[in-house]
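# An overview of the molecular structure
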Amino acid sequence: MRGVVIGTLTELAEQDPRIVLLTADLGYCVLEQFADRVPGQFFNVGVSEQNMLGLATGLAESGFIPFVYSIVNFAALRPYEFIRNGPVLHQLPVRILAIGGGFEYGHAGPTHHGLEDIGVMRVQPGLTVIAPADAQQAKSALKASYHLPGPVYFRLGKDDKTVLPGLEGKFDLGKAQEIRKGNDLLMVTMGSIAPSALEAINTLSEKGISCGLMVVSCLSPAPKDDLVEILARYPLVLTVEAHYIVGGVGSLVSEIIAEEGISCKVFRCGVRSTPNGITGSEKFLNDVNGLSSEKLVATALQALGSF
Amino acid sequence: MNSTDWAKKIRHIILEQSKRAHVGHIGSALSIADIIAVLYSHILNIPSPEDSERDRFVLSKGHAALALYAAFHLKGWLTQEELNTYCADDSRLGVHPEYGLRGVDFATGSLGHGLSMAAGAALAAKLKKSSRCVYVLVSDAELNEGSFWEAVMFAAHHQLSNLVVVIDDNGQQALGFTREVLDLTALPERFKAFGWQVQTIDGHNHSELEGALSGIDSLSGKPHMLIAKTTLGKGVSYMERTIKWHYWPMSDEEYSLALKEIGIEV
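These figures come from a predicted structure and were not determined experimentally. (Residues numbered from 1 in each chain as written. Chains lettered and ligands numbered in written order. Predicted model: local features only at pLDDT ≥ 70, side-chain atom pairs only at ≥ 80, totals over all residues. Heavy atoms only, no water.)

On to the overall build of chain B, then. If you tally the helices and strands in chain B, you get 11 helices and 7 strands. Seen through its C-alpha atoms, chain B measures out along the principal axes to roughly 50 × 40 × 35 Å. Expressed as a percentage of the 266 residues in chain B, the buried residues total 58%. By sequence separation, contacts in chain B at least 24 residues apart represent 75% of the contacts at least 6 residues apart. Chain B carries 24 positive and 32 negative side-chain charges, and their two centres are separated by 4 Å. (Helix = DSSP H or I, 4+ residues; strand = E, 2+ residues; numbered from the N terminus. Buried < 20%, exposed > 50% of the residue type's maximum accessible area, 1.4 Å probe, protein only. Contact = heavy atoms within 4.5 Å. Lys, Arg positive; Asp, Glu negative; His and termini not counted. Charge placed at Lys NZ, Arg CZ, Asp CG, Glu CD.)

Here it is in structure tokens:
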């Protein structure tokens with residue numbers, strides 16, 4: 001997603017001098033296209049994420065649309081208070097490009113894993129929170145949020161190639177995308193783990209289980225109407241996210257179900273434990289945490305059996 | 001009205017409003033009364049708070065906002081009626097400057113945040129080829145924050161000579177003297193080493209303040225650091241250099257004495 005988003009942003013920046021891109025010294029082989037084509041709008045601020053968010057706030061107050069770029073934790077957590085007291089409090093159009101949610105930086109270890117970013121961002125009023133499921137949706141989301149006067153947080157995957165069949169790059173603010181319909185079970189997912197959920201659904205369908213799949217790429221404002229309408233059609237929901245089970249899409253779905261008195265049972269598939277010192281690839285860590293398609297199938301069957 | 005008159009009125013408002021609201025941070029506000037007076041009476045180019053080409057001002061030590069409100073009142077941006085709502089329910093005037101209040105460019109209160117926002121505003125002016133300047137007033141305690149130094153490095157690297165920082169160097173912070181909490185000696189040398197243009201001045205001497213602030217060369221290629229030596233609680237003898245007055249509200253007797261000391265007839 002990150003390459004496609006930066007490519008699109010470069011095209012936008014060539015037309016709109018208000019766009020500036022700030023990086024905290026990350027983005028090798030990603031940001032060069034922007035830096036080469038619009039050098040006057042590109043700033044490597046050094047490894048200083050707090051300052052980067054403060055600078056972006058000051059630039060936005062003067063009429064710029066600053067995009068800030070870093071790995072998810074360094075974009076979201078290190079400068080969190082600067083986000084809260086800066087673009088959120090002042091309602092300024094700062095865009096945070098947070099790269100590699102979940103275990104995308106697998107071997108790099110827990111300092112580089114983004115497991116709570118959506119949770120902490122979702123609680124900030126007036127902050128639009130977007131976690132696209134593939135690169136084309138990320139591109140659409142960038143364009144759909146371009147006009148917003150307030151701040152936007154993007155959780156962007158590193159993978160530019162994977163396409164989620166059925167999504168076709170659709171994105172609307174405050175809306176969810178139901179890309180598969182079923183009767184027995186609904187999976188609700190966000191971000192770049194979505195293909196794993198789709199693969200699990202395909203396996204379950206082969207077993208004769210009728211499954212739906214909904215992608216929640218706009219976490220805030222929450223796609224409440226879509227969730228209410230679609231959740232009510234299913235007896236069982238599995239939420240799937242490369243994120244702690246608290247704060248992300250599982251929490252969002254649970255909130256809607258509780259508030260609206262919807263009669264369906266929720267199983268939250270996500271990260272439940274703190275890092276234990278064991279490293280591995282993204283695929284390995286997703287599997288360990290029950291997020292591989294095989295583990296999701298097993299969880300779904302167990303949930304259906306206990307139901 | 002000259003800046004000395006401004007300062008006297010600012011001090012009066014600080015005492016009057018903090019007594020009425022029964023809140024503290026009096027010493028911190030009195031510490032910057034002269035700096036605020038010179039800035040708002042003679043230096044800042046702000047035809048109106050809505051003018052996009054105005055100079056920007058960031059009160060990074062947001063806990064001294066009462067001094068800023070006093071200046072807004074003297075500028076005619078804040079009525080006496082609204083000033084009298086300081087720290088009341090349903091007021092825009094809190095202990096720290098709130099975004100949305102006319103004249104406040106950036107809400108502050110979280111120490112170490114103001115300079116990076118100001119550096120962003122200064123970079124914006126440079127990118128837009130605007131001649132406006134950005135002024136920041138920080139407390140010495142804010143220099144404890146790592147983010148402050150991030151912004152210091154950025155401003156020098158990008159030659160933000162339209163950025164002017166005044167340090168309210170009163171040598172005291174929330175729980176004691178800075179030399180006992182986290183030593184800040186050799187500040188001029190530190191900032192020079194970081195690539196800033198540095199001056200040390202008496203932060204209560206108006207001619208020194210005005211001379212330094214009006215002599216800023218915004219094309220010098222270096223950001224500007226004015227280390228203003230100040231006294232916590234300046235103007236009220238029993239408050240000066242006394243940490244209690246970072247926090248404490250005044251009794252009736254203390255209020256009367258304070259007014260007398262700043263030359264207000266009761």
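Now, onward.
All right, on to the packing of helix 1 (residues 3–21) of chain B against helix 11 (residues 252–261) of chain B then. All names here are of chain B. With their axes 10 Å apart at the nearest point, helix 1 and helix 11 run at an angle of 170° to one another. Between helix 1 and helix 11, the angle is such that the two are roughly antiparallel. Contact with helix 1, carried on its side by His-12, Leu-15, Glu-16 and Lys-19, involves Asp-252, Tyr-255, Ala-258 and Leu-259 of helix 11 and no other residues of that element. Of the residues belonging to the contact of helix 1 with helix 11, the class tally is 4 nonpolar, 1 polar and 3 charged. (Axes fitted to C-alpha atoms, helices over the stretch in contact; angles between N-to-C directions. Parallel < 35°, antiparallel > 145°, perpendicular 65-115°, else oblique. Nonpolar A, V, L, I, M, F, W, Y, C, P; charged D, E, K, R; others polar.)

Residues and elements named next belong to chain A. Mapped onto the elements, Leu-227 comes out in helix 9 (residues 224–231). Taking the relative accessible area as the measure of exposure, Leu-227 reaches 0% and is therefore buried. Here the alpha-carbon distance between Leu-227 and Met-214, two residues 13 residues apart in the chain, equals 8.9 Å.

Facing the 23 residues of chain A at the interface are 24 residues of chain B. Interface area for chain A against chain B, summed over the two sides, is near 2000 Å², with a carbon-plus-sulfur share of 64%. Connecting chain A to chain B are 2 salt bridges. Residue B:Arg54 pairs with A:Glu61 through a salt bridge whose shortest N-O separation is 3.0 Å. The interface formed by chain A and chain B holds 8 residue pairs in polar contact (both at pLDDT 80 or more) in total. Sort the elements by how many residues they give to the side of chain A that touches chain B and helix 3 (residues 49–61) of chain A lands first, with 9 residues. Looking at the side of chain A that touches chain B, its residues break down into 8 nonpolar, 12 polar and 3 charged. (Buried area = accessible area lost by both parts, 1.4 Å probe. Salt bridge = Lys/Arg side-chain N within 4 Å of Asp/Glu carboxyl O. Polar contact = N/O pair within 3.5 Å; in protein donor to acceptor, adjacent residues only side chain to side chain.)

All right, on to the sheet that holds strand 11 (residues 236–244) of chain A then. Residue and element names in this part refer to chain A. Reading across from one edge, 7-9-8-11-12 is the order of the 5 strands in this open sheet, with mixed pairing throughout. The sheet is open, and its two edges are formed by strand 7 (177–180) and strand 12 (265–271), each paired on a single side. Averaged over all pairs of adjacent strands, the angle between their axes in this sheet comes to 25°, without regard to strand direction. For strand 8 (residues 185–189) and strand 11, the ladder comprises 4 bridges, and the chain directions are parallel. Looking at the pairing, Met-187 lines up with Leu-238 of strand 11. Lying on the sheet, helix 9 is in contact with strand 7, strand 8, strand 9 (211–215) and strand 11; it crosses strand 8 at an angle near 160°. Contacting strand 8, strand 11 and strand 12, helix 12 (residues 293–305) crosses the sheet at an angle of about 145° to strand 11. (Pairing = 2+ DSSP bridges.)

In this section: the domain arrangement of chain A. Residues and elements named next belong to chain A. Segmentation of chain A into domains returns domain 1 (2–156) and domain 2 (177–305). Between the C-alpha centres of domain 1 and domain 2 there is a distance of 26 Å. With 23 residues of domain 1 at the contact, the number on the domain 2 side is 29 residues. In this assembly, domain 1 packs against domain 2 so that about 2000 Å² is buried in total across both faces, 58% of it on carbon and sulfur atoms. (Domains from an automatic or database assignment.)

Attention now goes to the packing of helix 3 of chain A against helix 6 (residues 114–127) of chain B. As a packed pair, helix 3 of chain A and helix 6 of chain B sit with axes 6 Å apart at the nearest point and diverge in direction by 50°. With respect to helix 6 of chain B, the element helix 3 of chain A is oriented oblique. Note on packing geometry: the crossing formed by helix 3 of chain A with helix 6 of chain B is right-handed. Facing A:Gln50, A:Asn51, A:Gly54, A:Leu55, A:Thr57, A:Gly58 and A:Leu59 of helix 3 of chain A, the residues of helix 6 of chain B in contact are B:Ser116, B:Met117, B:Ala119, B:Gly120, B:Ala121, B:Leu123, B:Ala124 and B:Leu127. Taken together, the residues of the contact of helix 3 of chain A with helix 6 of chain B break down into 8 nonpolar, 7 polar and no charged. (Left-handed = near helix turned anticlockwise from the far one by under 90°.)

Scanning the model with the defined rule gives 20 salt bridges over all chains in all. For the salt bridge of A:Glu229 with A:Arg233, the shortest nitrogen-to-oxygen distance reads 3.6 Å. On the accessibility criterion, A:Glu229 (48% relative accessible area) is partly exposed. Overall, A:Arg233 belongs to the partly exposed group, its relative accessible area being 37%. As a salt-bridge pair, B:Asp169 and B:Lys229 come within 2.8 Å of each other at their nearest N and O atoms. Within this pair, whereas B:Asp169 is found in strand 3 (residues 163–169), its partner B:Lys229 is found in strand 7 (residues 224–229), the two being separated by 60 residues in sequence.

Before going further, it helps to examine the nonpolar core. In globular proteins that are soluble, nonpolar side chains generally tend to be buried together. Formed by 113 residues in total, the largest nonpolar core has its most connected members in A:Leu21, A:Leu97, A:Tyr153, A:Leu231, B:Leu163, B:Phe191 and B:Trp196. At 8 residues, the largest contribution of residues to this core is made by helix 6 of chain B. Counting residues domain by domain, this core receives three or more from each of domain 1 (2–156) and domain 2 (177–305) of chain A. Contact partners of A:Leu97, with chain neighbours within four places excluded, come to A:Val5, A:Ile6, A:Leu9, A:Leu21, A:Phe67, A:Val68, A:Tyr69, A:Ser70, A:Ala75, A:Phe154 and A:Leu156. (Core = buried A, V, L, I, M, F, W, Y, C linked by side-chain atoms within 4.5 Å.)

Moving on to unusual backbone geometry. Look at the link from A:Ser220 to A:Pro221: it is a cis peptide, with omega at 5°. With respect to the element layout, A:Pro221 can be found in the loop between strand 10 (218–220) and helix 9. Although it is not a glycine, B:Cys87 adopts a positive phi angle of roughly 65°. With respect to the element layout, B:Cys87 can be found in the loop between helix 5 (80–83) and helix 6. Positive phi, close to 60°, is recorded for B:Arg241, a residue that is not glycine. Along the chain, the position of B:Arg241 falls in the loop between strand 7 and helix 11.

The next thing to look at is helix 11 of chain B. All names here are of chain B. Within helix 11, burial applies to Glu-254, Tyr-255, Ala-258 and Leu-259. End-on view of helix 11: buried residues confined to an arc of 135°, all on one side of the axis. Of the exposed residues in helix 11, those oriented more than 90 degrees away from the buried face are Asp-252, Glu-253 and Lys-260. Where helix 11 is buried, its residues touch helix 1. (Arc of directions from axis to C-beta.)

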